[in-house]
Amino acid sequence: MADLQPTTLDELLSCYPAKPSKAAVAKFVHRLALSKAWGVAQGPKRLLDIGCGQGECSLVMASSLGPTGHVTGIDVAPPDYGSPFTIGQAQECILKSALGSRIDFRRGDAEAVLNPAGDAHDDSRASAAAPFDAAILCHSLWYFDSAEDIRHLFSLLAKARVPQIYLAEWKGEATHVQQEPHSLAARTQAFLHSQKPTGRPWSVVEANVRAAFPAADILQMAEAVGWRTASKGDVAAPTDMMDGHWEARYVVSDKFKSSFEAEDSLSAEAKEKLDMYVEMVKHNAAIVERSSFTKVECMDVTWAVLQLAA
């Protein structure tokens, strides 16, 4: 990959609306590393990218598969979500690019694609409706509401007889001091989410991080419903990736504080705990920023290839 990466990066960046900043390049470097770890090779495969967002992983996988492959990206977020450009703007740019013919995007959840008839008991319908060689879950499961929703997705993919899952998620714990603010910020948002009423409609102004289960717990959920971990490992996120920095900045912001202070459903005890979490993030971020590291870094990422058990 090392000798091909500059050319590949140029191609990917030319298909994307972001300017080729260090942060934008880091997103693609990270996903190229995941593609290599997963062992994705060129060929006529059809992949389903669940929670595709603005399409970075869909682009990388389309490039990895080559001209005979195809990626379907799906996401429940509305087209006007995202900054500095929206999901709709990013996906439109990708579809008009040199790799656009290898990709299609749909708004909705996996159920609508894998089982459009809505019959959870009809395995033949699910299988016929989802001719995919693998599903991709790349930094998307932290945005699910609950463990039940994640297990349901794994069960749905198993019933659809999708043979493989390429999975990547934040490890969930810091391995270095400069990652502590990212870990704490994720736990803070997960705690806030756990205190909110269930069944509320998705809001464009809400933070993405919700249940935020550690990657090890997610793998156990998959294995409990019929998936086998064929291979796994950890990779360090590129130092220019900004996700950890952004999450920490968000949690210590006035916007986050006002979001839970105005929540009538939260108890006084829950708000007090959230205040404590915010102070912990602020304290740890200050330590990092005063040190030689100077910037909050992302947690490590756990990747895995899951295979459908016989």
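Residues numbered from 1 in each chain as written. Predicted model: local features only at pLDDT ≥ 70, side-chain atom pairs only at ≥ 80, totals over all residues. Heavy atoms only, no water.

J.: Requested: an account of the overall build of the chain, with residues and values cited.
T.: Looking only at helices and strands, the chain features 12 helices and 7 strands. A globule of 310 residues ought to have a C-alpha radius of gyration of about 19 Å, and the chain, at 19 Å, matches this closely. Principal axes of the C-alpha set define a box for the chain whose edges measure 50 × 50 × 35 Å. When each of the 310 residues of the chain is scored for burial, the buried share is 50%. (Helix = DSSP H or I, 4+ residues; strand = E, 2+ residues; numbered from the N terminus. Rg over C-alpha atoms; globule rule 2.2 N^0.38 Å. Buried < 20%, exposed > 50% of the residue type's maximum accessible area, 1.4 Å probe, protein only.)

J.: For the sheet that holds strand β1 (residues 46–50), give the residues involved together with the corresponding values.
T.: Sheet strands line up and pair through hydrogen bonds in the backbone, either parallel or antiparallel. Taken in spatial order, the 7 strands of this open sheet run β3-β2-β1-β4-β5-β7-β6, and their pairing is mixed. Since the sheet does not close on itself, it has two edges, and those belong to β3 (103–107) and β6 (227–235), each with one partner. The mean inter-strand angle of the sheet, taken between neighbouring strand axes irrespective of direction, is 20 degrees. (Pairing = 2+ DSSP bridges. Axes fitted to C-alpha atoms, helices over the stretch in contact; angles between N-to-C directions.)

J.: Residues and numbers for the state of the cysteines, please.
T.: Enumeration according to the criterion identifies 0 disulfides in this entry. Not engaged in a disulfide, the cysteine C52 finds its nearest cysteine sulfur in C57; these two sulfurs lie 9.6 Å apart. Note on C52: relative accessible area 5%, which makes it buried. Note on C298: no disulfide assigned, nearest cysteine sulfur contributed by C138 at a separation of 13 Å. (Disulfide = S-S within 2.5 Å.)

J.: Let's hear about the side chain of K27: which residues, and what values?
T.: By the secondary structure assignment, K27 is in helix α2 (residues 22–38). At 3.1 Å, the side chain of K27 and the side chain of E56 are in polar contact. If we skip the residues at most four places from it in the chain, K27 touches Y16, Q54, E56 and M241. (Polar contact = N/O pair within 3.5 Å; in protein donor to acceptor, adjacent residues only side chain to side chain. Contact = heavy atoms within 4.5 Å.)

J.: Give me unusual backbone geometry: which residues, what numbers.
T.: Although it is not a glycine, R161 adopts a positive phi angle of roughly 60 degrees. Mapped onto the secondary structure, R161 falls in the loop between α7 (147–159) and β5 (164–170). Positive phi outside glycine occurs at A212, with the angle close to 55 degrees.

J.: Talk me through the packing of helix α8 (residues 180–195) against helix α11 (residues 254–261); I want residue IDs and the actual numbers.
T.: Contact pair α8 / α11: the axes reach a minimum separation of 11 Å and the direction vectors enclose 20 degrees. Comparing the axis directions of α8 and α11 gives the class roughly parallel. Of the two possible hands of crossing, α8 and α11 adopt the one that is left-handed. Between α8 and α11, the residues in contact are T188, Q189 and L192 and F256, S259 and F260, respectively. Looking at side-chain class alone, the contact of α8 with α11 contains 3 nonpolar, 3 polar and no charged residues. (Parallel < 35°, antiparallel > 145°, perpendicular 65-115°, else oblique. Left-handed = near helix turned anticlockwise from the far one by under 90°. Nonpolar A, V, L, I, M, F, W, Y, C, P; charged D, E, K, R; others polar.)

J.: Hey, could you go over the pattern of salt bridges for me, with residue numbers and the actual values?
T.: By the definition in use, this model includes 8 salt bridges. For the salt bridge of E279 with K282, the shortest nitrogen-to-oxygen distance reads 3.6 Å. Placement of both E279 and K282 in helix α12 (residues 268–290) is noted, with a separation of 3 residues, approximately one turn of the helix. The exposure class assigned to K282 is partly exposed, which follows from its relative accessible area of 40%. (Salt bridge = Lys/Arg side-chain N within 4 Å of Asp/Glu carboxyl O.)

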